[in-house]
Amino acid sequence: MRSSELKTGRSFGLNFDHKEDFFQTLADFCKENDVRQGYIPMFLAAFAETEIAGTCARVEDPEAPVRLPVYLEKVEAVGSGTFSYDPVKEIVVPHVHVTVGLKQQSALAYSSHLISATVQYLTEMLIVEVASPNMRRPVHADLYDVPLLTFED
């Protein structure tokens with residue numbers, strides 16, 4: 001186990017607009033407000049289309065992460081996540097998970113890692129900035145190149 005006491009900074013409420021790209025809008029918000037790291041305790045959304053990680057195919061290595069996209073349309077979503085900062089690329093690196101329900105299929109639900117999404121009508125999100133320690137997400141080659149959240153003093 002790894003842990004660190006987080007010193008929080010500002011808190012924000014965001015409303016994404018119809019047809020916006022979820023991750024680009026999040027990146028734009030972070031840049032405009034100089035927010036480099038934090039967490040998303042929750043968000044509610046409707047997505048016109050989304051891709052989440054998953055597959056129906058046989059997985060050769062059940063220990064490896066599934067990085068294939070499952071494409072879904074017209075979903076309601078609830079999610080949360082974290083985001084860290086990559087000082088080399090100078091970008092925010094989000095890690096978001098969602099549960100989505102297909103509105104046109106009796107709200108049939110899926111849960112997974114969010115790969116992409118286009119907002120349909122709205123996304124209502126809360127963001128809490130983390131002032132310290134520095135949050136980074138280095139790739140771990142020994143764990144299938146999974147980027148794991150770290151806290152650096």
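Residues numbered from 1 in each chain as written. Predicted model: local features only at pLDDT ≥ 70, side-chain atom pairs only at ≥ 80, totals over all residues. Heavy atoms only, no water.

1. Concerning the overall build of the protein chain
Alright, step 1. The helix and strand tally for the protein chain stands at one helix and nine strands.
Alright, step 2. What you see in the protein chain, going N to C, is helices and strands ordered as β-α-β-β-β-β-β-β-β-β.
Alright, step 3. For the protein chain, the spread of C-alpha atoms along the three principal axes comes to 45 × 40 × 25 Å.
Alright, step 4. The burial tally for the protein chain puts 35% of its 153 residues in the buried class. (Helix = DSSP H or I, 4+ residues; strand = E, 2+ residues; numbered from the N terminus. Buried < 20%, exposed > 50% of the residue type's maximum accessible area, 1.4 Å probe, protein only.)

2. So, the side chain of Arg136
Alright, step 1. Inspection of the secondary structure assignment puts Arg136 in strand β6 (residues 134-136).
Alright, step 2. Summary of buried charges: Arg136 has no salt-bridge partner, and the nearest side chain of opposite charge, Glu152, is 4.1 Å away.
Alright, step 3. A polar atom in the side chain of Arg136 sits 3.5 Å from the backbone oxygen of Tyr85.
Alright, step 4. Leave out the neighbours within four places in its chain, and Arg136 touches Gln37, Ser84, Tyr85, Pro87, Leu148, Leu149, Thr150 and Glu152. (Lys, Arg positive; Asp, Glu negative; His and termini not counted. Salt bridge = Lys/Arg side-chain N within 4 Å of Asp/Glu carboxyl O. Polar contact = N/O pair within 3.5 Å; in protein donor to acceptor, adjacent residues only side chain to side chain. Contact = heavy atoms within 4.5 Å.)

3. Remarks on the pairing of strand β2 (residues 38-53)
Residues in a regular strand project their side chains so that they alternate between the two faces of the sheet.
Alright, step 1. Looking at chain direction, β2 and strand β3 (residues 69-86) are connected through 13 bridges and run antiparallel. By the bridge assignment for β3, Phe47 is matched with Val75.
Alright, step 2. With eleven bridges connecting them, β2 and strand β5 (residues 108-132) associate as antiparallel partners. What sits directly across from Tyr39, in β5, is Val128. (Pairing = 2+ DSSP bridges.)

4. Looking at the pattern of salt bridges
Alright, step 1. All chains considered together, the criterion is met by five salt bridges.
Alright, step 2. In this structure, Glu129 engages Arg10 in a salt bridge whose closest nitrogen and oxygen atoms are separated by 3.0 Å. Of this pair, Glu129 sits in strand β5 while Arg10 sits in strand β1 (residues 7-17), placing them 119 residues apart in sequence.
Alright, step 3. Judged by its relative accessible area of 13%, Glu129 falls in the buried class.
Alright, step 4. Relative accessible area serves as the criterion here: at 37%, Arg10 is assigned to the partly exposed category.
Alright, step 5. For the salt bridge of Glu60 with Arg58, the shortest nitrogen-to-oxygen distance reads 3.1 Å. The residues Glu60 and Arg58 share a single accessibility class, namely exposed.

5. Details of the environment of Lys7
Alright, step 1. Mapped onto the secondary structure, Lys7 falls in strand β1.
Alright, step 2. The class for Lys7 is partly exposed, based on a relative accessible area of 43%.
Alright, step 3. Residues Lys7 and Ala131, 124 residues apart in the sequence, show an inter-C-alpha distance of 5.5 Å.
Alright, step 4. With residues up to four places along the chain from it excluded, the contact list for Lys7 reads Val130, Ala131 and Ser132.

6. Details of unusual backbone geometry
Alright, step 1. A cis geometry characterises the amide bond from Ser132 onward to Pro133, with omega recorded as 0°.
Alright, step 2. Secondary-structure assignment places Pro133 in the loop between β5 and β6.
Alright, step 3. Backbone geometry at Asp34 places phi at a positive 50°, although glycine is not the residue there.
Alright, step 4. Tracing the chain through its elements places Asp34 in the loop between α1 (22-33) and β2.
Alright, step 5. Even without a glycine there, the phi angle at Ser106 is positive, about 55°.
Alright, step 6. In this fold, Ser106 is placed in the loop between β4 (91-102) and β5.
Alright, step 7. The exposure class assigned to Ser106 is exposed, which follows from its relative accessible area of 77%.

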